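Fold and contact review
As a plain string of letters, each chain reads:
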Amino acid sequence: MRPALHHLGDRSLGPLLIAPVVLVLGTVIAYPLFAAIALSAFAVDTPTLRSRFVGLGNYAELLGADGRFWPALGVTLVWTAATLALQIVIGVAMALLLNRDLWLRSLARSLVLFPYFVSTVVAVLVWRWLFNDMFGLANQLLMKIGVIAAPLDWLGTMPSALLSVIVVGAWKFFPFVVIAVLARLQTIPESLYDAARLDGAGAWSRFRDVTLPQIGEVLGIVVLLRAIWDFKEFDLVYLLTGGGPVDATRTLPLIVYQEAFGLNRMGMAAAYAVAMMITMLGFFLLYRLAVRGRT
Amino acid sequence: MAGIELRALHKRFGTTDVVRGIDLTVPSGAFLTLLGPSGCGKSTLLRMLAGLEAPSAGQILFDGSVVNDIPPGRRDIAMVFQSYALYPHMTVAQNIAYPLRKRGVPRGERDAAVARAAEVLQLTALLDRRPRELSGGQQQRVALGRALVREPRIFLLDEPLSNLDATLRSHMRRELVALHRRIGRTMVYVTHDQLEAMTMSTHVAVIDGGRLQQFGTPAEVYRRPANRMVASFIGTPGMAFADGMVATGRLLLAGRPLALIGAPDGPVTVGIRAEDVEIADTGVAACVTDMEAVGHETLLTLSGEFGTVTARAPADCRLAPGATVHWQVRPAQLHLFNPETGDRRNAALSPITSSNETTAP
Amino acid sequence: MSPRLARTGWSLLAWSLILLVAGPLLWMVATSLKSEDEVFSLEPTLLPVEPTLEHYAVLLTETAFPAYFANSVVIATATTTVVVVLAVLGAFSLARFRYRGREAIASAVLLCYMLPSVVLIIPLYLLMVRLGLANTIASLVIAYTSFALPYALWLLRTFMAAVPVEIEQAALIDGASRMGAFFDVLLPQVLPGIISTALFTFILAWNEFLFALVLVNADDVRPLTTGVMTMLVSGFNIEWSLLMAASVMMSVPLIIILAFLQGHLVRGFGAGAVKG
């Protein structure tokens, strides 16, 4: 292989090396993406795959009075905003704590990562066991200390179902914030803190004037990434509540799945998926504008 | 061994021309220094010689044959990078052996060659170390060893001494000169340090703005700078310049005659080197505005109606800033330049001998 | 307050929070070791009174768990191999060559990384059905490549960009070909990055749920994620201790990676997620 490649200049070797990637991504991403957009203009019956062109009919229906787009968007935004806020607060606090000189610090850092890397299936099974109405630890503990009198159906009633999803989401994903922020914290030179100390800054103002500006940029990226990922999260919500009770925790990705494989309306599902993508793009552009406006 | 010839060599990155048409011929066995300020295109030129960049136009010839389309590995060259570019995961021995390995040299021969190169560069004790365990000077020697081991026809060196401390740098300068003398191969050396260029090379090519400003021996470049850029870039302290005027066969500075000159009337730029300025009892009156003791001598900045010049004085010079002195310069040592183009102007200069014109220095 | 006392205070605070975070997972392990009676007790104990491995024995001998596990190993290993090979070559191209469309490809890759899987899942499902690949391991390997490859490319490109280009140029001058310099010099330098990428890809593939749910509906190819969920819903009454044992077993590769290769994982994070 080497002698053959030797005769090719840079000009053809570079494109040649990226070609397999382009081919694969074209097949598994670009083609499905455009196919999804095209599919959204049809009414498709999943089992028979028989289809009929409806133009923008699917969109009209999902955005209309009987459509579920707007309520689902509301649920998605509540879930995203709440779980993201928790992830950031817990994540930053934990990162600051783990940046200190602690007993068995590296073990502590390892353990904190576990929820993030463990499969969502495992995480959900554990939490569903904790939330079990009769024998779950959550109810038993809360009853013992007298917060609740009777067992609570955590995942089957509102608002506890949405609250549970948000809390489990925060638990599962906050380590991402910890790793990113901790990595940045470790690069802040100690001399900055020494200088602040000489200038008479207390603990709080050292955090506000030294730490916060230093981790600001990383936090911006982390917020963006986590917002995107939380918005499109399927596994955790689907496995925890399946969207219930009724549609109370049914976020947009769950609607797409339900339309396609539960209600057998593939075209409608594609329309929901495309609408969701456009919404994400809109929020992304808003974010860019906000960031640019500030700097 | 190989001579190098460049024909109208040109390199453009996007919309910027980095090298703008360079013609140059260097004999085999020369030590050529490409000298110029940073960003002048000298490194790009070297990288084109190496084959790491393709010329946008023009030709590169080694020993009379065009090498433009020959990949770096087949040009029979070796290169020492400014960052040394040692292979971090290989030992010193493996680093030095790599070029031989790539050429299919059998193991036994390879080991012998590595041992020889290590011997020459005093690396024998370090052969099993990895680059990060070496000091800067040692890494530098390994990079040299990797270049030496193959006995290529041309050595390319890209500011190889710039990361070393001052003592080691002057030591390595002498080592490189000795090495060049011993092996007699063509060497092309890139630097922005005119001292390195002056002390090491047989040929200097001064480059600025992507163009060849002057090509010659170090002495030629120093004594007869082709233009103002070369004149100001070479020599420490730098050459002083003043606006002069030629009128009726006399060179005037600030309206006063300085020398007789065989040139047509008009404005001219006069360049004066510090070592040509003599402190004397008579001559141009000037005020000492600054003094810089550099150990073996003291550099005086003299300001007067002729402008500002630098002069060298003995280390035990008793002057103090603010003092008034007189200085002289022999007319033959003045450099003249065209004030518009900056090009050197050659003209016969001689002292004004008439006794009533006492201001002539 | 003395520094020593401060350290004790902060350590106690940190460790109680860590135990809270790890609590659910510790409870998972504890439950998996309890007998059925103990699990369904109204007076739960933190540690099993009589630890038993019976659930693990049942899991490994009487359920489809070993088959799911084997499927997951095959799928994750195959995905990792495909993704790492493609990404190493592709990242080399993106990091070291100049050609038209390079930046467009790089941006497209980043965009792919943000794309929601649910958008792709329907056409991919239709594609797999049409190609006759539905219910095969291959369908999952192909689908997993869609989300693992962009990340891997981005990660490796960052790692390669951090290696000074001079050492490859030195190798070119020393007589290596472009690919020779890549294998001799660049690849050894980015080995840690390749390990990070491989670990990330493996974990992503090991944990994936949605594609497995949609593309595979047969026990002989089902991976652990959907397989274990099937065990949850198929039983007449839910055997929590068995499920907890399955969860523990399923997490074993992650425990191994986190215990021994944590540094690689964290490095991958820094390079890909934060700098990207």
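Residues numbered from 1 in each chain as written. Chains lettered and ligands numbered in written order. Predicted model: local features only at pLDDT ≥ 70, side-chain atom pairs only at ≥ 80, totals over all residues. Heavy atoms only, no water.

Across its full length, chain A holds 13 helices and two strands. Compactness check: chain A gives a C-alpha radius of gyration of 24 Å against a globular reference of 19 Å for 295 residues, more than 25% above the reference. Principal axes of the C-alpha set define a box for chain A whose edges measure 75 × 75 × 45 Å. Here chain A holds 295 residues, and 51% of them are scored as buried. Of all intrachain contacts in chain A linking residues separated by at least 6 positions in sequence, the fraction that spans at least 24 positions is 66%. For chain A, the exposed area adds up to about 13600 Å²; of that, 68% sits on carbon and sulfur atoms. Between the centroid of the 22 positive side chains of chain A and the centroid of its 17 negative side chains there is a distance of 4 Å. (Helix = DSSP H or I, 4+ residues; strand = E, 2+ residues; numbered from the N terminus. Rg over C-alpha atoms; globule rule 2.2 N^0.38 Å. Buried < 20%, exposed > 50% of the residue type's maximum accessible area, 1.4 Å probe, protein only. Contact = heavy atoms within 4.5 Å. Areas by Shrake-Rupley, 256 points an atom, 1.4 Å probe, with all protein chains shown as cover. Lys, Arg positive; Asp, Glu negative; His and termini not counted. Charge placed at Lys NZ, Arg CZ, Asp CG, Glu CD.)

All names here are of chain B. What the domain assignment reports for chain B is domain 1 (4-233) and domain 2 (240-350). For domain 1 versus domain 2, the separation of C-alpha centres amounts to 38 Å. Each partner contributes residues to the interface: domain 1 has nine residues there, and domain 2 has ten residues. Of all residues in domain 1, Tyr-222, Arg-224 and Arg-228 give up the largest surface area on contact with domain 2, accounting jointly for 55% of the area buried on that side. Connecting domain 1 to domain 2 are zero salt bridges. The set of elements that each furnish at least two residues to the side of domain 1 that touches domain 2 consists of helix 7 (218-223) and helix 8 (228-233). Ranked by residue count, the leading element in the side of domain 1 that touches domain 2 is helix 8, at three residues. (Domains from an automatic or database assignment. Buried area = accessible area lost by both parts, 1.4 Å probe. Salt bridge = Lys/Arg side-chain N within 4 Å of Asp/Glu carboxyl O.)

Take the interface of chain C and chain A next. Accessible area lost when the parts come together is the quantity often used to give the size of an interface. Counting from both sides, the interface comprises 84 residues of chain C and, opposite them, 88 residues of chain A. For the pair chain C and chain A, the summed buried surface comes to about 8100 Å²; carbon and sulfur atoms form 81% of the total. Our count for the contact surface shared by chain C and chain A stands at one salt bridge. For Arg-7 of chain C, the salt bridge goes to Asp-101 of chain A, with nearest N and O atoms at 3.1 Å. The interface formed by chain C and chain A includes nine residue pairs in polar contact (both at pLDDT 80 or more). The dominant element in the side of chain C that touches chain A, judged by the number of residues it contributes, is helix 1 (residues 3-32) of chain C, at 16 residues. (Polar contact = N/O pair within 3.5 Å; in protein donor to acceptor, adjacent residues only side chain to side chain.)

The next point concerns the environment of Leu-17 of chain A. Within the fold, Leu-17 of chain A resides in helix 2 (residues 10-39). Overall, the relative accessible area of 7% leaves Leu-17 of chain A in the buried class. Ignoring anything within four residues of it in the chain, the contact list for Leu-17 of chain A reads Leu-89, Gly-90, Phe-92, Ser-93, Phe-97 and Met-179 of chain C.

Time to look at the confidence of the model for chain B. Residue and element names in this part refer to chain B. On average, residues of chain B score 88 in pLDDT, and 98% of them reach the 70 mark or higher. Taken element by element, chain B is modelled with least confidence in strand 13 (residues 256-261), mean pLDDT 82, and with most confidence in strand 3 (residues 31-35), mean pLDDT 95. Long-range and interchain partners of residues 355-361, a stretch whose pLDDT sits below 50, account for twelve contacts in this model, where long-range means more than four residues apart. (pLDDT = per-residue confidence, 0-100.)

Here helix 12 (residues 252-262) of chain A lies mainly inside the structure; nine of its eleven residues are buried. Leu-252, Pro-253, Leu-254, Ile-255, Val-256, Tyr-257, Gln-258, Glu-259 and Ala-260 of chain A are the residues of helix 12 of chain A that are buried.

Taken together, the contact between chain B and chain C spans 25 residues of the former and 16 residues of the latter. Joining chain B to chain C, the criterion identifies four salt bridges. Along the contact surface separating chain B from chain C lie ten residue pairs in polar contact (both at pLDDT 80 or more). At the level of elements, helix 1 (42-50), strand 6 (77-80) and helix 2 (92-102) of chain B are the ones that each hand at least two residues to the side of chain B that touches chain C. Class assignment for the residues of the side of chain B that touches chain C results in 15 nonpolar, three polar and seven charged. (Nonpolar A, V, L, I, M, F, W, Y, C, P; charged D, E, K, R; others polar.)

Counting across every chain of the model gives 26 salt bridges over all chains. Residue Arg-107 of chain B pairs with Asp-111 of chain B through a salt bridge whose shortest N-O separation is 3.7 Å. A residue pair is termed a helical-turn pair when its members lie 3 or 4 positions apart in one helix, as Arg-107 of chain B and Asp-111 of chain B do in helix 3 (residues 107-120) at four residues. By relative accessible area, Asp-111 of chain B is classed as partly exposed at 40%. Because the salt bridges share partners, they merge into one network encompassing Glu-61, Arg-68, Asp-247, Arg-250, Glu-259 and Arg-265 of chain A.

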